[in-house]
Amino acid sequence: MGETATPDQAGAVSGGVRILLRLEGLTLFAGMVLLYAVWEGSWWLFAILFLAPDLSFAAYLLGPRAGAIAYNAAHSYMAPVALMTAGFAAGSPLVLSVAMIWLAHIGIDRALGYGLKYDAGFTFTHLGRIGRGES
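Everything in this summary refers to the structure shown in the same document.

**A word on the sheet that holds strand β3 (residues 128-129)**
Stage number 1. The three strands lie next to each other as β1-β2-β3, forming an open sheet whose pairing is antiparallel. A single partner strand is all that each edge strand has here, and the edge strands are β1 (117-118) and β3.
Stage number 2. Relative to strand β2 (residues 121-125), β1 runs antiparallel, the two sharing two bridges. Bridging across to β2, K117 finds its partner in T125.

What follows is the structure in structure tokens.
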């Protein structure tokens, strides 16, 4: 009673829900790669941009709070879905390609268990702790 919850204990999913969220990530990754192939997007562009969201790791040099904010901004569905919507509205193949690549990246990250970050540190995610002592 009266214990303070850490990200290990509160806010991280477990069991079947965690598996479902990881499968959703895998589905998103597979769907975006398939859509990109059908779209006949440039695989050079895909290779160049696929890891671009991970540049947000650099914000961890400013501390765990700044790192979590930057990582979560680059790994949330909101911006790439908005970008995809804008790409459809503008009829822009490049914008649509970037959005698909970005969503594919987020999908594979989630499938591998890299969830959105808490400001307690990089290893504390909504999908559970990653790295040493992973739950």
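So, next bit.
**What about the packing of aromatic side chains?**
Stage number 1. One pass over the structure, following the stated rule, counts nine aromatic pairs.
Stage number 2. Where F29 meets F50, the ring centres are 6.3 Å apart and the plane angle is 65 degrees; that geometry is what we call edge-to-face. Remark: F50 occurs in the loop between α2 (43-49) and α3 (64-74) and F29 occurs in helix α1 (residues 15-39); sequence separation between them is 21 residues.
Stage number 3. For F50, a relative accessible area of 17% puts it in the buried group.
Stage number 4. Each ring, one from W43 and one from F46, has its centre 5.2 Å from the other, and the planes form 55 degrees; the classification is tilted.

Cut-offs applied
- Residues numbered from 1 in each chain as written.
- Predicted model: local features only at pLDDT ≥ 70, side-chain atom pairs only at ≥ 80, totals over all residues.
- Heavy atoms only, no water.
- Pairing = 2+ DSSP bridges.
- Helix = DSSP H or I, 4+ residues; strand = E, 2+ residues; numbered from the N terminus.
- Phe/Tyr/Trp six-rings, centres within 6.5 Å; stacked < 30°, edge-to-face > 60°.
- Buried < 20%, exposed > 50% of the residue type's maximum accessible area, 1.4 Å probe, protein only.

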